[in-house]
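Descriptive structure summary
Here's the letter readout for the chains.
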Amino acid sequence: KQEVTQIPAALSVPEGENLVLNCSFTDSAIYNLQWFRQDPGKGLTSLLLIQSSQREQTSGRLNASLDKSSGRSTLYIAASQPGDSATYLCAVPSGAGNMLTFGGGTRLMVKP
Amino acid sequence: DAMVIQNPRYQVTQFGKPVTLSCSQTLNHNVMYWYQQKSSQAPKLLFHYYDKDFNNEADTPDNFQSRRPNTSFCFLDIRSPGLGDAAMYLCATSRETSGSFGQFFGPGTRLTVL
């Protein structure tokens with residue numbers, strides 16, 4: 001059974017700092033990995049989707065990397081801003097229906 | 001813009017009173033999912049449809065049912081809500097179940113049970 005873990009569970013940084021969020025998964029036979037952002041009381045916004053054949057994906061100040069062999073992905077946020085404050089979730093598909101298995105999330109606070 | 005829409009955004013119901021949550025999509029995706037997310041927890045899959053084929057997760061309570069009358073719409077019915085069913089309900093879509101495609105989520109419906 002796939003298990004996904006995110007470290008740290010919470011992170012508080014000053015504005016402008018570069019930061020890295022970590023995601024690990026136990027079964028490396030994945031098709032892709034998605035990073036999501038969730039604001040309090042809101043739904044999930046897809047940030048980046050990395051296919052198993054890719055090493056990384058970039059969108060603006062976000063860069064996600066994937067190392068299937070080691071079962072790890074990282075989300076790099078450059079020059080963090082208070083508006084980046086949210087919970088970040090990683091997820092991998094598994095099972096017949098492509099159901100997503102989520103990590104517990106990293107709750108990020110960027111202080112002005 | 002192509003998107004996933006959920007209505008209502010907030011739903012308050014009484015203990016034991018049936019409630020229906022709605023999801024629609026303009027992405028023309030084959031697969032629609034319902035997830036339950038309780039406070040400070042990760043989303044948990046309840047069931048999904050591939051086209052009209054319904055797939056229930058093994059540990060989804062019988063109290064939860066779903067309908068998909070057409071490609072665009074999917075409904076979540078909670079027959080007798082209990083206090084433990086208070087949660088955010090998230091609808092998601094995907095083009096296929098092959099695993100190569102990502103999932104797109106709606107804004108969620110926050111259910112309160114009094």
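My aim in this report is to walk through the structure given alongside it, one point at a time. (Residues numbered from 1 in each chain as written. Chains lettered and ligands numbered in written order. Predicted model: local features only at pLDDT ≥ 70, side-chain atom pairs only at ≥ 80, totals over all residues. Heavy atoms only, no water.)

Observations concerning the overall build of chain A
Applicable threshold: Counting from the N terminus, the helices are the DSSP runs of H or I reaching at least four residues and the strands are the DSSP runs of E reaching at least two. Computation of the radius of gyration draws on C-alpha atoms alone. For the globule rule, the value is 2.2 Å times the number of residues to the power 0.38. Whether two residues touch is decided by their heavy atoms; if any such pair falls within 4.5 Å, the residues are in contact. In short, Shrake-Rupley with a 1.4 Å probe defines the accessible areas, and a residue's cover is counted only from the protein chains shown. His residues and chain termini do not enter the charge count, which takes Lys and Arg as positive and Asp and Glu as negative. In plain terms, the charge of a residue is placed at NZ if it is Lys, CZ if Arg, CG if Asp and CD if Glu.
Regarding its fold elements, chain A presents 0 helices and 11 strands. Going from N to C terminus, chain A has its helices and strands arranged as β-β-β-β-β-β-β-β-β-β-β. Rg of the C-alpha trace for chain A: 13 Å, near the compact-globule value of 13 Å for 112 residues, within the 12% margin. Taking the principal axes of its C-alpha atoms as reference, chain A extends roughly 45 × 30 × 20 Å. Residue pairs at least 24 apart in sequence account for 52% of intrachain contacts in chain A once pairs closer than 6 positions are excluded. Working note: accessible area of chain A is about 5300 Å², and carbon and sulfur atoms make up 49% of it. The centroid of the 9 positive side-chain charges in chain A is displaced by 3 Å from the centroid of its 8 negative side-chain charges.

Considerations on the environment of Y35(B)
The condition is simple: Polar contact is defined as a pair of N or O atoms within 3.5 Å, subject to the rule that within protein one atom must be able to donate a hydrogen and the other to accept it, and that residues adjacent in sequence are counted only when both atoms are side-chain atoms.
Looking at the element boundaries, Y35(B) is found in strand β4 (residues 31–37). A sequence separation of 70 residues divides Y35(B) from F105(B), and the C-alpha atoms of the two residues are 9.7 Å apart. A distance of 3.2 Å separates the side chain of Y35(B) from the backbone nitrogen of L100(A), its partner in a polar contact. Here the side chain of Y35(B) touches Q103(B) through a polar contact of 2.9 Å, side chain to side chain.

Looking at the interface of chain A and chain B
Threshold: Once two parts are brought into contact, the accessible area they lose, counted with a 1.4 Å probe and summed over both, makes up the buried area. Salt bridge, as used here, is a side-chain nitrogen of Lys or Arg placed within 4 Å of a carboxyl oxygen of Asp or Glu. All amino acids are sorted into three groups, where Ala, Val, Leu, Ile, Met, Phe, Trp, Tyr, Cys and Pro are nonpolar, Asp, Glu, Lys and Arg are charged, and the leftover types, Gly among them, are polar.
Opposite the 20 residues of chain A that make contact, chain B presents 24 residues. Carbon and sulfur atoms supply 52% of the area buried between chain A and chain B, which totals about 1600 Å² over both sides. Across the chain A-chain B interface, the total number found is 0 salt bridges. Counting the contacts that link chain A with chain B gives 4 residue pairs in polar contact (both at pLDDT 80 or more). Per-class residue counts for the side of chain A that touches chain B are 9 nonpolar, 10 polar and 1 charged.

Details of the nonpolar core
Keep this limit in mind: Note on terminology: a nonpolar core comprises buried Ala, Val, Leu, Ile, Met, Phe, Trp, Tyr and Cys residues joined through side-chain atoms within 4.5 Å. Summary of the burial criterion: residues with accessible area below 20% of their type's maximum are buried, those above 50% are exposed, and those between are partly exposed, where the area comes from a 1.4 Å probe applied to protein chains only.
Judged by nonpolar contacts, the single largest core of 22 residues is most densely connected at F25(A), L33(A), W35(A), L75(A), I77(A), Y88(A) and L108(A). Counting residues in each nonpolar core, the second largest holds 18 residues, with Y49(B), F64(B), A87(B) and Y89(B) among its members.

Some words on the packing of aromatic side chains
The criterion, for reference: Pairing of aromatic rings covers Phe, Tyr and Trp, the last counted by its six-membered ring, and requires centre-to-centre distances within 6.5 Å; plane angles under 30 degrees mean stacked, over 60 mean edge-to-face, and any other angle means tilted.
With the rule as written, the count across this model stands at 10 aromatic pairs over all chains. Measuring from ring centre to ring centre gives 5.3 Å for F36(A) and F105(B), while their planes differ by 85 degrees; the resulting arrangement is edge-to-face. With F36(A) in strand β4 (residues 32–38) and F105(B) in strand β10 (residues 104–105), this residue pair bridges two chains. In terms of burial, F36(A) and F105(B) fall into one category: buried.

Notes on the state of the cysteines
Think of a disulfide as a covalent bridge from one cysteine sulfur atom to another cysteine sulfur atom. All names here are of chain B. Operational definition: Two cysteine sulfurs form what is called a disulfide whenever their separation falls within 2.5 Å.
Inspection of every chain in the model, using the stated rule, returns 2 disulfides over all chains. Here C23 connects covalently by a disulfide to C91, the sulfurs 1.9 Å from one another. Of note, the bridge from C23 to C91 carries an S-S torsion of about -75 degrees and is left-handed in sense. With a gap of 68 residues between them, C23 in strand β3 (residues 19–25) and C91 in strand β9 (residues 87–94) connect regions that are remote in the sequence. Across this residue pair, the class does not change: C23 and C91 are buried. C74 takes part in no disulfide bond, and the closest cysteine sulfur, belonging to C91, lies 6.0 Å away.

Here's the deal with the pattern of salt bridges
For the coordinates displayed, the defined rule picks out 4 salt bridges over all chains. With a closest N to O distance of 3.0 Å, R37(A) and D39(A) form a salt bridge. According to the relative accessible area criterion, D39(A) is partly exposed, its value standing at 27%. The residue R67(B) makes a salt bridge to D77(B) at a minimum N-O spacing of 2.8 Å. Of the two residues, R67(B) sits in strand β7 (residues 64–67) while D77(B) sits in strand β8 (residues 73–78), which places them 10 residues apart along the sequence. A relative accessible area of 39% means that R67(B) is categorised as partly exposed.

Read these as spatial facts, not as claims about activity.
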